[in-house]
Amino acid sequence: MSVTEPQPEALVAALADRYGVPADHVLATRGSDEGIDLLTRVFCRAGQDAVLHCPPTFGMYKVAAQAQGADVVSVTRSRESGFALDAGLLVDALRADDRVRLVHLTSPNNPTGDRVSENLLQAVLFASQDRALVVVDEAYAEFCPGCSYADRITDFPNLVVLRTLSKAWGSAGLRCGAVLAQPEVIGLLRRIIAPYPLATPVVSLALRALQPDGVTRQEELVQAIARNKKRLVSLLEGRPFVRQLGPGEANFVRVQGDDAAELLQFSASRGVILRGFPGDAALRDCVRISVGSNADLDALETVLDAWEKEPS
Ligand SMILES: *Cc1c(COP(=O)(O)O)cnc(C)c1O
């Protein structure tokens, strides 16, 4: 690649092909994070507009809104319902607040693992018509076959889908993602994105990942994770400290249990790093465990066996 392009044509074509959308519906970005930032800055006026999100969820929607000076409307997932989304609450919140310009849905959601159902998406798209974009963040969609709404963006003028090479492609360091939306939306985002956002080495590596052998490698990785996830779930099931298990649709499992903080410390001291949420009251007893390799699962099993024998 000799010439730098604002939106490298070959990469845009490869992303469009991968996600099954026309090339003029694609904006290549520095990861999904840049997509979230651009959408917030284009569609939310400081001090006037708002974004809606559904915590517990990915933190960037709120961070980007606050940086822009937009308000944040939270439709909280209830612990009692296992953190499920509630279409009625979402529609009510949209009706009650006409400042909302972006509705952030995440499918599968991080860290709860649940996907957005077709019915819920339809209800939210309808309630948002002519006033807000519905942004479905599909960072983990590869782990949930048949889950993606990418091919629906041509049907709905206010639907936006975010994809990334960071998760299922194991290429978070590459900083390459895509906004999929109607050409009008893509055109507005292009007005404020940096003139040459993707460095040529990034473009070359992303193109290589998206070649047939790269795709095969990615599919093998996703299959290995699906197998290992079954093993992870079965090695957690029935353990006395596990009160609730949320296998979800992504490459991690959510465990609700007693003494979550102590378990995190115990496992970390034995070299197994689990993710806790000490700063989030709704997730105080939750631990997120990424699926990992067979060796990772062996190490986890050893730690959990030891933890079980620990006098509490
Ligand atoms: C990791 C993650 C992202 C960020 O992905 P990048 O493409 O690396 O910026 C976006 N959304 C969700 C839900 C994530 O978990």
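Calculation rules
- Residues numbered from 1 in each chain as written.
- Predicted model: local features only at pLDDT ≥ 70, side-chain atom pairs only at ≥ 80, totals over all residues.
- Heavy atoms only, no water.
- Pairing = 2+ DSSP bridges.
- Helix = DSSP H or I, 4+ residues; strand = E, 2+ residues; numbered from the N terminus.
- Core = buried A, V, L, I, M, F, W, Y, C linked by side-chain atoms within 4.5 Å.
- Buried < 20%, exposed > 50% of the residue type's maximum accessible area, 1.4 Å probe, protein only.
- Contact = heavy atoms within 4.5 Å.
- Near = heavy atom within 4 Å.
- Polar contact = N/O pair within 3.5 Å; in protein donor to acceptor, adjacent residues only side chain to side chain.
- Areas by Shrake-Rupley, 256 points an atom, 1.4 Å probe, with all protein chains shown as cover.
- Axes fitted to C-alpha atoms, helices over the stretch in contact; angles between N-to-C directions.

Engineer: Even after reading the chapter, I still don't get the sheet that holds strand S11 (residues 286-290), so can you show me in this structure?
Structural biologist: Across a sheet, strands are paired by hydrogen bonds formed along the backbone, either parallel or antiparallel in direction. Strand order in this open sheet of four strands is S8-S9-S11-S10, and the pairing throughout is antiparallel. In this open sheet, the two strands that pair with only one neighbour each are strand S8 (242-246) and strand S10 (275-276). Here two bridges tie S10 to S11, and the two strands are oriented antiparallel to one another. From the neighbouring strand, Gly276 faces S11, where its bridge partner is Val287.

Engineer: I keep staring at the nonpolar core and nothing clicks. Help me out?
Structural biologist: Proteins that are soluble and globular tend to have nonpolar side chains buried together. Judged by nonpolar contacts, the single largest core of 79 residues is most densely connected at Leu11, Leu52, Val103, Leu105, Leu121, Leu180 and Leu300. For this core, the element with the highest residue contribution is helix H8 (residues 212-236), accounting for seven residues. Excluding residues that lie within four positions of it along the chain, Leu105 makes contacts with Cys54, Tyr61, Leu85, Leu90, Val116, Leu120, Leu121, Val124, Val134, Val135, Val136 and Asp137. Leu27, Tyr61, Val160 and Ile186 belong to the second-largest nonpolar core, a separate cluster that totals 21 residues.

Engineer: Can you walk me through the site of the ligand in this structure?
Structural biologist: Surrounding the ligand, one finds 13 residues, the nearest of these being Ser32, Asp137, Thr164, Ser166 and Lys167. Note that an oxygen atom of the ligand is positioned 2.7 Å from one of the backbone N or O atoms of Ser32. Contact between the ligand and Asp33: an oxygen atom at 3.0 Å from a main-chain N or O atom of the residue. Look at the ligand: alone it shows 390 Å² of surface, and the protein chains cover 93% of it. Looking at which element gives the most residues to the shell around the ligand, the answer is helix H2 (residues 31-43), with three residues.

Engineer: Quick question: what am I supposed to make of the sheet that holds strand S4 (residues 100-106) here?
Structural biologist: Across the sheet, seven strands lie side by side as S1-S7-S6-S5-S4-S2-S3; this open sheet has mixed pairing. Edge strands, defined here as strands with exactly one partner in the open sheet, are strand S1 (26-29) and strand S3 (71-74). Between one strand axis and the next, the sheet turns by 20° as a mean value, whatever way the strands run. Bridge count for strand S2 (residues 50-53) against S3 is four bridges, and the pairing is parallel.

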